[in-house]
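# Chain and residue survey
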Amino acid sequence: MSDTLTRLAMGIALTVAAAAPAQAGAGGAQPKPEARSAAPKARNARATPPNKPGFVPIPLKLPKPRLVDTPKKVPPGTRAKLPTGGPQRRKPFLAPKGARNVAKGKPVTASDPEPVIGALDMVTDGNKEATEDAYVELGPAVQWVQIDLGKPLPVYAVVVWHEHKDRRVYHDVVIQVADDKDFITNVRALFNSDHDNSAGLGIGKDWGCLETEEGLLVDAKGVRARYVRLYSNGSTADDLNRYTEVEVFGLDDKAPTGAARAKPSSEKTPLPLKLPRPRP
Ligand SMILES: [Ca+2]
């Protein structure tokens, strides 16, 4: 292979490895590490959401990068994706028009009701910058934060920023949705990077991510749910669990979309029907 071809091939491989957002469902659409070079086309295909009519990029705004370098490798022993980084920005994620962050300002509960640092409402307060005062810190080992969307809504993407001021990978990231706050009814897994079941929630085959301003974006595929729960089990930096922000892109029924515009039957107005005068 000539030098040019070699460089081209390496460029493609790096782009594919770095560009694919976490859009595989829990349960295993992501290839094993050793299969990465064998299936670049499949990875790339999954990275691009279907271009359905009415689907537009979600209004996702990234925080400022804390570190300007583009990381080229993940911490040893972790199975995680590199951020897209630099000029190779993550492709826009598409969802039905009107999808927005329906988690903003919504109530947050957690496995650790008394955070070590910060307060739980910081998970949905809109501040996702990598500053010292922007994250809530939960205790060591497996912990979760949970957002109540207020009512069941169709959800298209979940984006989480743990702590992203340094280069760390969070362990055992599991994202689930459910119909009830105790996660008993209709629990569905959207993402699971726990490949050895150390969190006890089942084996997942998704890849974690190196924390940066891009956050971890998970495709929720329009699942309808009221509660979103995010687990983690410490990071490569320490065994604590820090959350800066979680955004959930969904369709609120109030949003002016085609599907949501139809009035319920109770709000229907009578037809302007005028009867003729009865004959004597
Ligand atoms: Ca926040």
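Notes on the structure in this doc start here. (Residues numbered from 1 in each chain as written. Predicted model: local features only at pLDDT ≥ 70, side-chain atom pairs only at ≥ 80, totals over all residues.)

On to the overall build of the protein chain, then. When helices and strands are tallied, the protein chain shows three helices and 13 strands. Within the span of the protein chain, comprising 280 residues, buried residues form 38% of the whole. (Helix = DSSP H or I, 4+ residues; strand = E, 2+ residues; numbered from the N terminus. Buried ≥ 20, exposed ≤ 12 C-beta atoms within 10 Å, placed from the backbone.)

Tracing the backbone through its elements, the reader meets Arg 168 in the loop between β7 (143-161) and β8 (174-178). Considered as a pair, Arg 168 and Asp 238 are 70 residues apart in the sequence and their alpha carbons are 9.1 Å apart. For Arg 168, the contacting residues outside a window of four places in its chain are Glu 163, Glu 211, Ser 235, Thr 236 and Ala 237. (Contact = placed C-beta atoms within 7 Å.)

Below, the discussion takes up the environment of Ala 80. The topology assignment puts Ala 80 in strand β2 (residues 80-81). A tally of 22 C-beta atoms within 10 Å means that Ala 80 is categorised as buried. As a C-alpha pair, Ala 80 and Cys 209 span 129 residues in sequence and 4.5 Å in three-dimensional space. In contact with Ala 80, not counting residues within four places along its chain, are Val 74, Val 169, Trp 207, Gly 208, Cys 209 and Leu 210.

Turning next to the pairing of strand β11 (residues 216-232). When you tally the buried positions in β11, you get twelve out of 17 residues, the bulk of the element. Across 13 bridges, β7 lies against β11 in antiparallel orientation. Paired with Gln 143 across the bridge in β11 is Ser 232. Of the pairings in the sheet, the one linking β8 to β11 comprises five bridges and is antiparallel in character. Following the sheet pairing, Val 177 is matched in β11 by Val 228. (Pairing = 2+ DSSP bridges.)

By the element assignment, Ala 220 lies in strand β11. Judged by C-beta crowding, with 25 C-beta atoms within 10 Å, Ala 220 ranks as buried. When the C-alpha positions of Ala 220 and Val 177 are compared, they lie 9.4 Å apart, and in sequence the two are 43 residues distant. Sequence-distant contacts of Ala 220, that is, excluding residues within four places in its chain, are made with Val 155, Tyr 156, Ala 157, Val 158 and Leu 190.

Okay, unusual backbone geometry next. Of note in this structure, Asp 172 is not a glycine but carries a positive phi near 50°. Structurally, Asp 172 can be placed in the loop between β7 and β8. Phi is positive for Asn 186, which is not a glycine, with a value near 55°. Here Asn 186 lies in the loop between β8 and β9 (188-192).

Before going further, it helps to examine the nonpolar core. Soluble globular proteins tend to bury their nonpolar side chains together. Within the largest apolar cluster, 56 residues are counted, with the highest numbers of intra-cluster contacts made by Val 145, Ala 157, Val 158, Val 218, Val 246 and Val 248. Among the elements that take part in this core, β7 stands out by supplying eleven residues, more than any other. Ignoring sequence-local partners within four residues, the contact set of Ala 157 consists of Ile 58, Phe 93, Ala 95, Leu 217, Val 218, Asp 219, Ala 220 and Phe 249. (Core = buried A, V, L, I, M, F, W, Y, C linked by C-beta atoms within 7 Å.)

Shape descriptors only; they carry no functional weight alone.
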